[in-house]
Amino acid sequence: MTDDSDHDGRVWLGTPAFPEAARSALADTRLRHNLRHATTTIRAKRLDATGEVPHWEELREAGAAIKRRTTRHLAHYLEQLEANVTAAGGTVHWATDAAEANRIVERLVRAGGGGEAERHEVVKVKSMATQEIGLNEALAAAGITAYETDLAELIVQLGQDRPSHILVPAIHRNRAEIREIFAERMGERGRAAPADLTDDPKALAEAARLHLREKFLTARVAISGANFAAADTGTIAVVESEGNGRMCLTLPETLITVMGIEKVVPSFADLELFLQLLPRSSTGERMNPYTSLWTGVTPGDGPQDFHLILLDNGRTDVLKDTVGRQALACIRCSACLNVCPVYERTGGHAYGSVYPGPIGAVLTPQLAGVRRAASLPFASTLCGACYDACPVKIDIPEILVHLRAKVVEAKRDDRALPTPEALAMKAASTVLDSPGLLGVAQRAAAAGGRLTSGRGGRIRRLPGPLGGWSATRDTPPPPRESFRAWWRENREER
Amino acid sequence: MKSGSKENSPAADRSEADCPAGDRAAGGATADSRAVVLARIRAALRDVPADESPEDVSVPRTYRRTVLPGDTVALFAARVADYRATVVRTSPEDVARTVAVLLERRGVRRVVVPDGFPPEFLTRTDADLVGDSPPLSVRQLDSLDCTLTTAAVAIAETGTIVLDTGPGQGRRALSLIPDHHLCVVRAEQIAPDVPGALAGLDPHRPLTFVSGPSATSDIELQRVEGVHGPRTLDVVLVVTAPSGAHP
Ligand code: SF4
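The rules we used
- Residues numbered from 1 in each chain as written.
- Chains lettered and ligands numbered in written order.
- Predicted model: local features only at pLDDT ≥ 70, side-chain atom pairs only at ≥ 80, totals over all residues.
- Heavy atoms only, no water.
- Helix = DSSP H or I, 4+ residues; strand = E, 2+ residues; numbered from the N terminus.
- Contact = heavy atoms within 4.5 Å.
- Areas by Shrake-Rupley, 256 points an atom, 1.4 Å probe, with all protein chains shown as cover.
- Axes fitted to C-alpha atoms, helices over the stretch in contact; angles between N-to-C directions.
- Parallel < 35°, antiparallel > 145°, perpendicular 65-115°, else oblique.
- Left-handed = near helix turned anticlockwise from the far one by under 90°.
- Nonpolar A, V, L, I, M, F, W, Y, C, P; charged D, E, K, R; others polar.
- Expected span 1.5 Å × (residues − 1).
- Buried < 20%, exposed > 50% of the residue type's maximum accessible area, 1.4 Å probe, protein only.
- Arc of directions from axis to C-beta.
- Near = heavy atom within 4 Å.
- Pairing = 2+ DSSP bridges.
- Phe/Tyr/Trp six-rings, centres within 6.5 Å; stacked < 30°, edge-to-face > 60°.
- Lys NZ or Arg CZ within 6 Å of the ring centre and 35° of its normal.

## Some thoughts on the overall build of chain A
Consideration 1: Across its full length, chain A holds 22 helices and ten strands.
Consideration 2: For chain A, restricting intrachain contacts to residue pairs at least 6 apart in sequence, the fraction spanning at least 24 positions comes to 76%.
Consideration 3: By element, 51% of the accessible surface of chain A is carried by carbon and sulfur atoms, the whole surface being about 15,900 Å².

## Thoughts on the packing of helix 9 (residues 175-185) of chain A against helix 10 (residues 201-218) of chain A
Residues and elements named next belong to chain A.
Consideration 1: Where helix 9 meets helix 10, the axes come as close as 11 Å, and the angle between the chain directions of the two elements is 30 degrees. Considered as vectors, helix 9 and helix 10 are oriented roughly parallel to each other. Taken as a pair, helix 9 and helix 10 cross one another with a handedness that is left-handed. Counting all contacts with helix 9, which are made through Arg-175, Ile-178, Arg-179 and Phe-182, the residues of helix 10 involved are Pro-201, Leu-204, Ala-207 and Ala-208.
Consideration 2: Looking at the contact of helix 9 with helix 10 residue by residue, the class counts come to six nonpolar, no polar and two charged.

## Observations regarding helix 4 (residues 74-87) of chain A
Residues and elements named next belong to chain A.
Consideration 1: With 14 residues, helix 4 ought to run about 20 Å at 1.5 Å a step, and its terminal C-alpha atoms sit 20 Å apart, in line with that.
Consideration 2: Burial in helix 4 covers these residues: Leu-74, Ala-75, Tyr-77, Leu-78, Leu-81, Glu-82 and Val-85. Along the axis of helix 4, the buried residues cluster in a sector spanning 165 degrees; they form a single face.
Consideration 3: Two residues or fewer after helix 4 comes Gly-89, characterised by a positive phi angle close to 100 degrees.

## Focus on the site of the ligand
Consideration 1: Neighbouring residues of the ligand: 13 residues in total, closest A:Cys330, A:Cys333, A:Ser334, A:Cys336 and A:Cys390.
Consideration 2: Within the shell around the ligand, the residues separate by chemical class into eleven nonpolar, one polar and one charged.

## Here's the deal with the sheet that holds strand 2 (residues 121-124) of chain A
All names here are of chain A.
Consideration 1: As summarised here, the arrangement of the six strands in space is 1-10-7-4-2-3, forming an open sheet in which the pairing is parallel. If you trace the sheet from one side to the other, it starts and ends with strand 1 (91-95) and strand 3 (145-148), each paired once. Between one strand axis and the next, the sheet turns through 25 degrees on average, direction left out of account.
Consideration 2: Where strand 7 (residues 254-260) meets strand 10 (residues 305-311), seven bridges bridge the pair, whose relative direction is parallel.

## Some details on the packing of aromatic side chains
Any aromatic ring pair is given by two values, namely how distant the centres are and how the planes are angled relative to each other.
All names here are of chain A.
Consideration 1: This model, assessed by the stated rule, comprises three aromatic pairs over all chains.
Consideration 2: Residues Phe-228 and Phe-274 carry aromatic rings whose centres are separated by 5.2 Å and whose planes lie at 25 degrees to one another, so their mutual orientation is stacked. Of this pair, Phe-228 sits in strand 5 (residues 228-230) while Phe-274 sits in helix 12 (residues 271-282); the two residues are 46 residues apart in sequence, bridging distant segments of the chain. As far as the burial class goes, Phe-228 and Phe-274 line up, both buried.
Consideration 3: Seen from their ring centres, Trp-294 and Phe-306 are 5.7 Å apart, and the 80 degrees between their planes marks the pair as edge-to-face. Here Trp-294, found in strand 9 (residues 290-295), pairs with Phe-306, found in strand 10; they are twelve residues apart in sequence, far enough to count as distant.
Consideration 4: The exposure class of Trp-294 is buried, given its relative accessible area of 4%.
Consideration 5: The side chain of Lys-215 reaches across the aromatic face of Tyr-147, ending 4.1 Å from its centre.
Consideration 6: Just above the ring of Tyr-290 sits the side chain of Arg-246; from NZ or CZ to the centre is 4.6 Å.

Printed below as a string of structure tokens:
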């Protein structure tokens, strides 16, 4: 497991580059066991759920096409979304980056809290966007307590831990650990766990229900993410299982939804696709227990004050790259994680980002810049399983290869000298199709890289929530051990 | 709020060439940020031809044909049951008795009845019936055992009921806070699949798709029914002609 001692929840300070992080994850037998059990189980369920749909491939094709249409005309759809949310009584805000989004939320929470400075609390439903921007920490710094209400997020939050899977963030914890966390920590933040709490999952879920009920019934402000937003109506969709989402979306007076700009879809009718693709790919269910759709404000029902924050935070950088931009189609189903042979053995923490697994390997370097996540594009065997599983047909292997070239280029630019990797990559652009030759090329590059990495300049400290990352990482020298070499050495682990 | 210092501004740090107003956006007004984000998007998409319209990007809709077996009622019942919800088929004449039996079986003493719920379904139960006008407080709702609702539409393929807060359904909190939800669905309301259901829904009403009871698999992937939403879901399926007569 990674060293949790100095993380602030936003970025994972002190996370080593992928190969080292992966090595320590591999040494953790229990983590590996939990992961294997989880990924194997979800994989089988997903295959059942997708296999029973005779026209599954047509759904994927249409999903990919809708996302392509949206991406190519993103400004158009965002303006339409804004107009329709506003017409329905909501307020739309735009945030260029994490800091701005956090400031907007903070201001809205204060306004919605009725001015009682001493009692600023919000309930939250799981949202990757708010993890990405480090919202909980920003709110804490402003004296506002955010309560995560998704069971897994609660486990992670009480355990002062990091999520390790998009869908099952506490996949690295077993029931005995969860019992211990609940017994020790719940009392610090509200209703304590029952004294006779067992590690039966039913009892643990019941403890969470009781612990959070009081928060739901008294919360005045809730914060959510969004799975989809329909431009033509202004309708937002949140897909969930436990009912904590419904609680957050229904009971408070103020609702603040933080949404990446890539989550917009052209029309309400398009939800017919994504409400089929997402649950079957994600939890392997025909449908998740609860999906909430709402449009602005409904008098007499639910929050009467609704705010939608449209977040850029690097997404427009991803958009610039004609190959890389397809990663913006991601609907965060986590299917690619569960089929990935690398993820199955290393777990999510090794990726050092809120976005783990294959999608993280292509998204994080693009959102944060390839210099800051240079080892991630190499965290794959290019086996293609992620592409086959992806419900919106993102060609992750293609983006990985593309980003590897960019990593090499970035290093060459930094040094104004061809790096050994650059030379190897140049000579071997066709080699990328051949796993055997790639291994040789990478090893050669790494061997050379060790000799020359002393020349590499340390990049300056980067601002914003990702700053911590660069503060503790040098511009990564070429991985000492190429990913493939590491993979070969470690794969006897089974 | 007004701190626009360069050190704290990733916008200023990133690709100044493409976003001339980036430094202004860091601590400034949202109106500026709107312009910045939209300008960045347009700049990033320079490769998209100016005369391309969204519809030029074709979307194959071949998935829209229905490929399900004919008996949607049987399929719906089976798929709801797969979620460990209880499905009871009944005839229109027998709804009141079925509702009474289910409430009795669950030990329900006080039940929320939204405005517009058919009174003829309530003639047999002994439970206390509690209305929602004026609106019940969340505390009051939390003290009640069950909520009765009708539905807007149902989906056979996924075993889903959809509530749209219309007559007989009440506002969203009603079907959320009490621990037991009993929903009466008429067979004619069952759409074969998700596209069929969505086509009949009004996006300007709050919509809740319910597929079985609240559940989690967050602990070692073991499914547990009932976390924050109702732990028990009963569906009374009202079928006029006995459609389940054939195999
Ligand atoms: S990349 Fe595809 S498979 Fe992976 S999480 Fe995103 S949508 Fe799912």
